[in-house]
Structures are given as structure tokens and as C-alpha cells.
Amino acid sequence: MDRVSAFDEPLKKLLGGATAKVMAEHLDLHTVGDLLHHYPRRYEERGRLTALTDLPLDEHVTVVAQVADARVMAFNNGRGKRLEVTVTDGHGRLQLVFFGHGVHKPHKELLPGRRAMFAGKVSVFNRKMQLAHPTYQLLDAESTDEAGATEAVDAFAGKLLPIYPACKQLDSWRIAKAVDAVLPSAQEAVDPLPPALREGRGFTALPEALLKIHRPQTKADVAAARDRLKWDEAFVLQVALARRRYADTQLPAVARRPVPGGLLDAFDAKLPFTLTDGQLKVSKEIFDDLAAEHPMHRLLQGEVGSGKTMVALRAMLTTVDAGGQAAMLAPTEVLAQQHHRSITEMMGELAEGGMLGGSERGTKVVLLTGSMGMAARRQALLDLVTGEAGIVIGTHALIEDKVKFHELGLVVVDEQHRFGVEQRDALRSKAHSQGERRSPHLLVMTATPIPRTVAMTVFGDLETSVLDQLPAGRSPIASHVVPAKDKPHFLSRAWERVREEVENGHQAYVVCPRIGDDEDEAAKKKGKKDAGEEADKRPPLAVLDIAEQLAKGPLSGLRVEVLHGRMHPDDKDDVMRRFAAGQADVLVATTVIEVGVNVPNATAMVIMDADRFGVSQLHQLRGRVGRGSAPGLCLLVSEAHEASPSRARLSAVASTLDGFELSRIDLEERREGDVLGQAQSGVRSSLRVLSVIDDEEVIAAAREEAVTVVAADPALEHLPELRLVLDALLDKEREEYLDKG
């Protein structure tokens, strides 16, 4: 069998159709290679029991425990039977429940003193942790099913027991059996590490590492295998990124250097405040990049309100001074309109170039969004193609084929996590200069603080600048969790606080996870059908319902307005304008206000069902208050159980304003896959043992090695194995992008 095809073999051939189907649908495993890279999450020692005290709620777990007692209870006037089994690890206890006809076999087998592996979903009933109808496998020899027990004992005796990421349809031990079937193929593994690197760092050979991670004899086996496999992941990924960076440095670009006495100088002269040291330092990094003859690729990250827009605007003005045009891309129309408004306000008459009363040093600043009227759109397109407009601000409508630039010199992308590599490439292809293709410079801004490792992994094709200093005049924000279920009077007090803020001349936001209109209701009903067992959970609170309840109840007499994504763009803009002008007291909104909304007079925010938002999202939302001189207040309302992980997450958000600290918590909690998957296709599928939280040193070292390898051999001509593995990863990335359509 040739070296690639063993790994490409479909699982159906080796495992049978039914198992392969479950693996494909529920675990995204399709080939022998996929299954060999589905590593155990952890290992149990045969003689030891799992800690039952810290099981995660709502997750599918596998535990090894001992039966303490078992009893059959009757319910429904004796018509129904329930078997309750208590298992223990010597510290904590866990309840197992079996119903109906499912009680007979476990009643015979799960006798006090017996040990077994149990798998199921953790829930809470009567304030006790339980597994309902878990599957189990006995681990002691007195089992009634002698053959099964002997096999289990032989397989696991004295060894480390691999516990695989599993699903309801397929237990960890069934996955272990499937792995046994494909393990011989590990010998065919293509080793991506250059031999010199592998020997220099003393790594285990790849086939051996795969064998050791799935069937370790000792803990040292696991450690050696993980070290090796982490390196593979980090290194292959960093080589892909280093090659992308290398390719970028080979592209031609027009250098854009500041022009003395130009637009930038005129703008700086009329600023009513001085720039922070951080803004000056980052501006210098950007200006140095713009002055080069290959395109800048820089990520600018800064806390909410650290003045990123100001830094980006100065880069745009430099580009216009040097004869180019600058385009700023925003993720939503609301945000594009706001950027347009704030930039034209900051520039004043400098944004009215070519108009009566405008400055002769000025330029035109145009807005381009999908919902603009035909006439305005035609004029904007004309201003771009003639070069009349030096700056354009828009949504992804800017990437459409119809949009032509006179000479696009700089692209600024706001909120990168909504913007992939492909969209950047599409914009890049619009830059024609003197008849030949030149790439525009690229500046990507994000207000979601990104830990250094993620920046190196996800945005590894970009250089990074960080703005970590808040401009003078920003106020502190106090955050508190409001446990609405346990202490309803806390919620009443929250509404009183909102009223007090308004009486003091301020304004407030109330954020809800859902809109609550007809489309929303239809989706909710469909979701209920799909979710089946989840259907009894209360649906998330909705903007339209909450706005009505507040206006009639605790906030009656105040001017309450609503804002959400399905409103007509003109209506959205109108509401935001009125709120910004102080003509509304309370804005009840969805997360459309998450990025870029700037109303310094808004001092309070109440986030309903706060546990339904991610950590970074809560931090983003909170950044909308405390933008003026008065202190901000953020109340996180939740009905989550006090001991639940979601409550712990909310307490973490309430306890710190440090976005980088929160982004670390967010990573730990969401598993980095989601963070990476959102930001860039392909990366998620490739990370199995590498943790962007814990493996900073591995990632940094792999990045250095990758840079060296690519500098010496950009096409990897002398490293065919590395090229093969890389092509497979990039094919997967392309494929995922195409799937997303």
C-alpha cells in the first residue's frame, strides 16, 4: 500500500458501514488517518478511580467508579420501575438512573463493590449530579458475561485506559476497539519533520508516537508521544503561515510615504488632544510598513476604546497623501455608517475635498453599503473609479465585482474574526497600479484581545501591533452578576439602578440574545423539533418582549427604543442617531451594538441571559459603557445554577476588565477549536493535541524553525514529506472554505 493511501482509506472498509456512519456524522472522522489523529482526551489507571467531584454539567463523560449501592424504586403507583445506583470514587458520589425495561441487566450486574467504566451525559436532578441511562463496561472478572469481562480485563489489565472524546452514539471503549483495527496503519505515517530537526530535538519517530498515544504502557509513553505530535501540529501550521508570509513579501506594492504639509499634517494640527504614547508607537510601526515596496500585513489589536480608529485613520490619510486610496471594511452596516460618521466628524472640512467650503487639502470620504439607494451608490462608485474619493468606508459590498478603484493603496479591515483570508484576497485583487497588479497594504483591526499564541497561530501571516493604553478620560466600569432565579429582588434593584442613571441625565442599554419577531419564532419552533430533549429549556429572552415588559413595568415613563439586525437599515440608523443625540433613555438591543457603537452618555448596561454569551462577547458589549467621564455599570443577569460553569464564567467577567486575561479564560472554556475555526478555515481541523493556551513555547519555537526552513527552501523542494502533509492540510482548508460557500 503506498504511503498516503493507507491513511486515506475510508473507515467503512475496516469498521463496517454503521460504525463508520456514526463516526462521520458525530465525530467528523472519515478516514483511517482521521481516526489515528483522534487522540485520547485523557487516560485512567486501571487501579484508580476518576474524581467524581468536578464533572462538567451537560457534557458526555466516561468515568471509572465503584458501585456503592443499588436499589429498585417503584413510581407511578407501582406501574413504573426505576433503578438507582450510587457509584463512588472514595471522595465524591454520582447517581446513575435506569428506567423501565432497562433496569433488569444493570440490576443483576451492578452489585456493590463492582468496578466499571460508565459513560453518559451529566445532568442535575434534585440538586444531585446524575447520569441517566449510562452505558457501562464491567472491569472486574466476576462478571456474569465471562467472555466480555475477560476481554475487558485483558485489554486493560495493568495498562493505562485511553478515554476518547466520545458522543452519545459511540462510547469511548467502542472507539478504542475501532482504533485497534486501524492501528497497524500507523506504520505508514508520513513524517513531516525534517530529519535534522527531529534528531536535533530528540523526537520519537511518528509511527511510534501514534502507537504510544493510543496504547501507552506508561505515563512516559504518553508524554513522549504528546511532545512529538504537538510539534508536528505546531510546525506544519507555522510552515504554512511562514510560506504565506514569504509569498506576501514577494508581492510588489507601491510605497506610501508621508508627505510634509499634506492631509495628515493638517489633520494632526487640528486634533483637540494629544495622541497616547501607544498610538504614536503603533503609528510608527505602520508608517514604516507603508514605506516598503512590498505590502504591509499587520494586525492591530487594542482594547475597546483604545483609539484604534484614530491610528487607522492616520494611516489612511498618509496613503491619500501619497496618491493612493484607502478602503475601510466593517462587518455590519450599522458599524460602517458609524465609522463614516465618526471619521467625517474627526476630519471636519478635510473630509469635504472638492466640495464648496471644503479644504483644498481635503479628500472625499464616501460610504458604500448594500442597502444604499441606486443614485447614492452610483455616485459613490463614480467617486471611487475617478479617484475623487480618497477614503471609502463600507461593508463587504466593497468586495463586489462592480466596485472599481482608481488606485487602491490601503485596506483597513475592522473586526478580523468576521473576516477570512479569502475576502482579503478578493480586495487585494482590486488594486491595479499603472496597469500592473500591485497589492494594497493591509491593516486588520480587532477589539477582541488575542493571546500571543493565538495571534501566532491564527493570524500568523500578519505582524502584530498592540494598543494597550486607554486614552485619558475613559472611566472605570463596575460589573456585577445578578442571579435572577435565586434572588429575584436583585433584578428589581437592577431596574431601579437603570432608572437612577437616567434620572442623573445618563442613558442605558439592555441586551438580549434574541429578537423575538416572526422569523425568530419560526426558527425557535424548528429548533425545538430538532433539539428534542433540549426542548424543555426556556428559549432565550427576546428584545421585543423585554422592551414591551420594561416600558409597561419597571421602566414605565422612560423613553425605551429597540434596535436589532432585521430592522431596515434606515430605521437602525435613525434609532442610533436618536440614542446618540440623547432623545431615547434606554436602548433594548441584540448584539448589533457589540462593536463600534460610541455613545459617551450611556453609563449602564443590563445583559439579559448573560450566560448565553461568550466571554469575549460580554467584554465587547461591556465596552459600550463608561466611554465618557461618568463611571460605567454592567449588570450580568443570569438564571444559571450557582455551581454551574456558566456562572463561574460570568464571575470571571465581573472580576476583571483585562481583555487579555478574559480572552485566555474564553479560550480555555471554548476549546481553542472554536476560536480558531471562527477566525480562519482549516486551522481548527488540524489542531488535536496542541493547545494554544498551554503550548506557547512549542508554538514560538516551531515558528522560529519554520521561518528558517522556509527561508532556506521556500518551495520545500528538498522536503517532500513535509510538502505532502502540508498539501493535505491546505486541501482540507480549501475544501472547508468551499463548503462554507
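Residues numbered from 1 in each chain as written. Predicted model: local features only at pLDDT ≥ 70, side-chain atom pairs only at ≥ 80, totals over all residues. Heavy atoms only, no water.

(A) Structural context of the overall build of the chain. Per the secondary structure count, the chain includes 27 helices and 23 strands. Per-residue burial for the chain yields a buried fraction of 53% across its 741 residues. Of the contacts formed within the chain by residues at least 6 apart in sequence, a portion of 74% connects residues at least 24 apart. When the accessible surface of the chain is split by element, carbon and sulfur atoms take 52% of a total near 33100 Å². (Helix = DSSP H or I, 4+ residues; strand = E, 2+ residues; numbered from the N terminus. Buried < 20%, exposed > 50% of the residue type's maximum accessible area, 1.4 Å probe, protein only. Contact = heavy atoms within 4.5 Å. Areas by Shrake-Rupley, 256 points an atom, 1.4 Å probe, with all protein chains shown as cover.)

(B) Highlighting the pairing of strand S23 (residues 632-638). The buried fraction of S23 is high, at 7 of 7 residues. Side chains of S23 alternate between two faces, with Gly 632, Cys 634, Leu 636 and Ser 638 and Leu 633, Leu 635 and Val 637 buried alike. In this structure, strand S18 (residues 477-483) lies alongside S23, joined through 7 bridges in parallel fashion. Its bridge partner being in S23, Val 482 is matched across the sheet by Val 637. (Pairing = 2+ DSSP bridges.)

(C) Summary view of the sheet that holds strand S22 (residues 602-607). The strand order across the open sheet formed by 6 strands is S18-S23-S22-S19-S21-S20, and the pairing between neighbours is parallel. In this open sheet, the two strands that pair with only one neighbour each are S18 and strand S20 (560-563). On average, each strand axis in the sheet is inclined to that of its neighbour by 20°, with strand direction left out of account. Together, strand S19 (507-511), S20, strand S21 (586-589) and S22 form the strand contacts of helix H21 (residues 569-580), whose direction differs from that of S20 by roughly 140°. (Axes fitted to C-alpha atoms, helices over the stretch in contact; angles between N-to-C directions.)

(D) Region of interest: the packing of aromatic side chains. Throughout the structure, instances matching the rule amount to 6 aromatic pairs. Note on Phe 118 and Tyr 136: the rings are 6.2 Å apart at their centroids and 45° apart in plane angle, and the pair reads as tilted. Here Tyr 136 lies in strand S7 (residues 135-138) and Phe 118 lies in strand S5 (residues 115-125), a separation of 18 residues in the sequence. A centroid spacing of 6.3 Å and a plane angle of 35° characterise the contact between Trp 231 and Phe 235, whose relative ring orientation is tilted. In this pair, Trp 231 and Phe 235 both sit in helix H10 (residues 219-250), 4 residues apart, roughly one turn of the helix. Of the two residues examined, Trp 231 and Phe 235, each falls in the buried class. Ring pairing ties together the aromatic residues Phe 98, Phe 118 and Tyr 136, which thus form one cluster. (Phe/Tyr/Trp six-rings, centres within 6.5 Å; stacked < 30°, edge-to-face > 60°.)

(E) A look at unusual backbone geometry. Within the chain, Asp 28 stands out as a residue other than glycine whose phi angle is a positive 60°. For Asp 28, a relative accessible area of 47% gives the class partly exposed.

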